[in-house]
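# Secondary and tertiary structure notes
The chain contents come next:
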Amino acid sequence: MGKSLYLDTARLGRMTPCAQQANVEFTRFATEEVCPPYFEDFLRHGANACPNDFREQFPALGNWSGIVGLKSRLRELAHSPTDLPVLLANRSAQLMKYAARWLFRPCENVLVLDATWPAYRTTLEAERQRADRRISTVAIHETILFQQATAEDVVAIVESAFTEKRCDGLFLPAVTHDGIRLPISRIVKSLESMHGVIPVVVDGAQDFCHTPATLNTEYCDLYLAGCHKWLGGYYPMGLAFYGRRRSIEFAENVLQQMLCDGDLDDPLLRFSSQLETDSLDSSTETVNLGSLFSCYGATLDSTEERESVFQERRCNAEAIADLSQETDWRLISPSPEFQSAVVMLEADSSPARSLPAKSLRTAFEQQGLSLSAYQGGRIRLSMPETPLSESQLHQIQAAFHAVS
């Protein structure tokens with residue numbers, strides 16, 4: 001068996017070429033230079049702060065423009081306004097904790113969807129209990145997947161739930177773990193036309209560098225993302241984009257209070273913020289910086305012109321959908337307006353449906369196909385941004401026939 005065809009980006013993206021080069025050269029830099037006198041300036045200002053021969057020694061780090069430059073590039077990829085802050089953290093779970101605290105500071109009752117990622121729902125629940133607030137849930141997942149709901153239907157369902165349950169805040173996934181692309185900005189615009197401006201946090205983990213979504217319309221207050229999925233940085237690093245100018249001061253106050261109280265404990269978050277503002281203190285914890293450089297490299301391989309890349313991914317998804325019709329795997333697909341570059345399939349045969357998720361994933365791996373598998377015979381495939389070749393499509397179809 002040759003090299004596996006990797007279609008598991010929604011779980012962990014393949015490291016991009018520039019991310020790999022930057023990672024290797026930062027490792028070599030750490031080996032050869034360790035921590036030279038100019039290191040802090042290098043982190044803050046970029047390669048321009050280094051000796052003249054730095055670019056010759058470490059060419060893959062030659063365009064590193066410091067923390068500020070990295071954040072600027074991330075804003076470009078998210079189409080976020082240049083004057084809105086971006087937070088970096090070693091652990092995205094810490095940024096989710098911050099987002100939950102931020103939401104329940106002003107909100108009494110936050111509306112969430114039944115498609116919310118379970119770990120994030122757990123974080124929200126913990127903060128709800130701490131703050132003595134409420135969470136209301138609206139069911140839309142099955143309606144979208146199996147009843148062919150339209151975007152108008154979903155907006156109406158969320159509107160109705162928000163009003164009836166007397167909610168005053170929102171936590172929404174832009175793209176669910178199984179690839180449902182939700183009309184977040186339409187939902188928010190519709191709700192705010194009825195209820196005025198409301199606090200909104202968006203889970204963009206499956207959205208960032210995947211869909212052509214943009215933050216420049218200021219439809220949410222916080223947008224959470226990461227570097228290890230669709231961006232292709234491989235090493236986990238959490239991102240939080242501030243989405244609205246009106247809430248920056250409030251968000252900063254919550255952040256600083258949590259840092260001071262020790263409720264938010266992430267070395268990279270503290271270090272990168274202090275480095276950016278030239279306010280490093282003597283008690284700064286030693287920080288793992290590797291993710292900064294793999295992320296930086298990945299941004300060089302990514303483009304802010306997401307629409308064309310997304311359409312190429314969608315063409316691949318349609319090709320998979322077509323070939324699956326001749327197999328024992330049934331496409332689970334919402335109406336086109338909800339579709340993303342994630343393809344979900346379900347086995348028609350009892351043997352595949354009875355396999356444990358790990359065994360199902362292993363069975364496909366043995367056929368040269370890397371994907372995500374779930375209980376009940378469901379599989380998830382993430383589409384690459386380059387066209388699948390005829391031989392790759394034949395390989396996928398053969399794997400479907402073999403594992404059934």
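Located above this text is the structure these notes cover.
Residues numbered from 1 in each chain as written. Predicted model: local features only at pLDDT ≥ 70, side-chain atom pairs only at ≥ 80, totals over all residues. Heavy atoms only, no water.

To continue, consider the sheet that holds strand S10 (residues 342–347). Pairing is antiparallel in the open sheet, where 4 strands are placed in the order S9-S10-S13-S12. In the strand order of this sheet, the two ends are held by strand S9 (329–332) and strand S12 (372–374), each with one partner. Taken pair by pair, the neighbouring strands of this sheet meet at an average axis angle of 30°, ignoring direction. In the packing of helix H13 (residues 306–324) onto the sheet, contacts are made with S9 and S10, and the angle to S10 comes to roughly 15°. (Pairing = 2+ DSSP bridges. Helix = DSSP H or I, 4+ residues; strand = E, 2+ residues; numbered from the N terminus. Axes fitted to C-alpha atoms, helices over the stretch in contact; angles between N-to-C directions. Contact = heavy atoms within 4.5 Å.)

A sheet is described by the order of its strands in space; here 7 strands give the open sequence S2-S8-S7-S6-S5-S3-S4, paired in mixed fashion. Of all strands in the sheet, those with a lone pairing partner are strand S2 (86–89) and strand S4 (134–138), marking the two edges. Geometrically, the sheet is characterised by an average inter-axis angle of 20° between neighbouring strands, direction not taken into account. In this sheet, S4 lies alongside strand S3 (residues 109–113) in parallel orientation, the contact comprising 5 bridges. By the bridge assignment for S4, Val112 is matched with Thr137. Against the sheet, helix H8 (residues 151–164) touches S3, S4 and strand S5 (169–173), its axis set at about 155° to S3.

This paragraph deals with unusual backbone geometry. Not every positive phi belongs to a glycine, and Gln148 is a case in point at roughly 50°. Along the chain, Gln148 turns up in the loop between helix H7 (141–146) and H8. Even without being a glycine, Arg166 presents a positive backbone phi close to 55°. With respect to the helices, strands and loops of the structure, Arg166 is situated in the loop between H8 and S5. Note on Arg166: relative accessible area 70%, which makes it exposed. (Buried < 20%, exposed > 50% of the residue type's maximum accessible area, 1.4 Å probe, protein only.)

Before going further, it helps to examine the side chain of Asn316. With respect to the helices and strands, the residue Asn316 is situated in helix H13. Its relative accessible area of 5% is what places Asn316 among the buried residues. For Asn316, the residues in contact, after removing those within four places along its chain, are Met383, Pro384, Thr386, Pro387 and Leu388.

All chains considered together, the criterion is met by 21 aromatic pairs. Centre to centre, the rings of Phe29 and Phe42 are 5.5 Å apart; their planes meet at 35°, and the pair counts as tilted. Here Phe42 lies in helix H2 (residues 39–45) and Phe29 lies in helix H1 (residues 17–32), a separation of 13 residues in the sequence. Judged by its relative accessible area of 0%, Phe42 is buried. Between Phe42 and Trp64, the aromatic rings sit 6.3 Å apart at their centres with planes inclined by 50°, giving tilted as the arrangement. A residue pair is termed long-range when its members are at least 10 positions apart, and Phe42 in helix H2 and Trp64 in the loop between helix H3 (54–57) and helix H4 (66–78) qualify at 22 residues. The two residues Phe42 and Trp64 agree in class, both being buried. (Phe/Tyr/Trp six-rings, centres within 6.5 Å; stacked < 30°, edge-to-face > 60°.)

To continue, consider the pairing of strand S6 (residues 200–203). For a regular strand, side-chain orientation follows a simple rule: the groups alternate between the two sheet faces. Residue alternation in S6 divides its side chains into two sets, Val200 and Val202 and Val201 and Asp203, and both sets are buried. Across 4 bridges, S5 lies against S6 in parallel orientation. Considered in S6, the bridge of Phe171 is made with Val201. Regarding topology, helix H9 (residues 184–195) serves as the crossover connection from S5 to the parallel S6, and that connection is right-handed. Where S6 lies against strand S7 (residues 222–226), 3 bridges are found, and the strand directions are parallel. Residue pairing across strands places Asp203 opposite Leu224, the latter belonging to S7. (Right-handed = clockwise from strand over helix to strand, strands pointing away.)

Quick look at the pattern of salt bridges now. The full count for this structure, using the stated rule, is 24 salt bridges. Salt-bridge contacts for Glu192 lead to Arg244; the nearest nitrogen and oxygen are separated by 2.8 Å. One end of the pair, Glu192, is in helix H9; the other, Arg244, is in the loop between strand S8 (238–242) and helix H10 (248–261), and 52 residues separate them in sequence. Among the residues examined, Arg244 registers a relative accessible area of 5% and is labelled buried. Among the ionic pairs, Asp221 bridges to Arg246, the shortest N-O distance being 3.3 Å. One end of the pair, Asp221, is in the loop between S6 and S7; the other, Arg246, is in the loop between S8 and H10, and 25 residues separate them in sequence. A single salt-bridge network, built from bridges that share partners, covers Arg101, Glu127, Arg130 and Asp263. (Salt bridge = Lys/Arg side-chain N within 4 Å of Asp/Glu carboxyl O.)

Spacing of three or four residues puts side chains on the same side of an α-helix, whose turn is 3.6 residues. When the terminal C-alpha atoms of helix H6 (residues 118–131) are compared, their 20 Å separation across 14 residues agrees well with the 20 Å that a helix rising 1.5 Å per residue should span. Among the residues making up H6, those that are buried are Tyr120, Leu124, Glu127, Arg128 and Ala131. For H6, the angular spread of the buried residues around the axis is 105°, confining them to a single face. Facing away from the buried surface of H6 by more than 90 degrees, the exposed residues are Pro118, Thr122, Gln129 and Arg130. The positive-phi residue at the C-terminal boundary of H6 is Asp132, with phi of around 55°. (Expected span 1.5 Å × (residues − 1). Arc of directions from axis to C-beta.)

Before going further, it helps to examine helix H12 (residues 290–301). Compared with the 16 Å implied by 1.5 Å per residue over 12 residues, the 18 Å span of H12 between its first and last C-alpha is a close match. A large share of H12 lies buried, amounting to 10 of its 12 residues. Among all positions of H12, only Gly290, Ser291, Leu292, Phe293, Ser294, Cys295, Tyr296, Gly297, Ala298 and Thr299 are buried. Looking at the buried positions of H12, the neighbouring elements they touch are H1, H2, H4, S2 and helix H11 (267–276).

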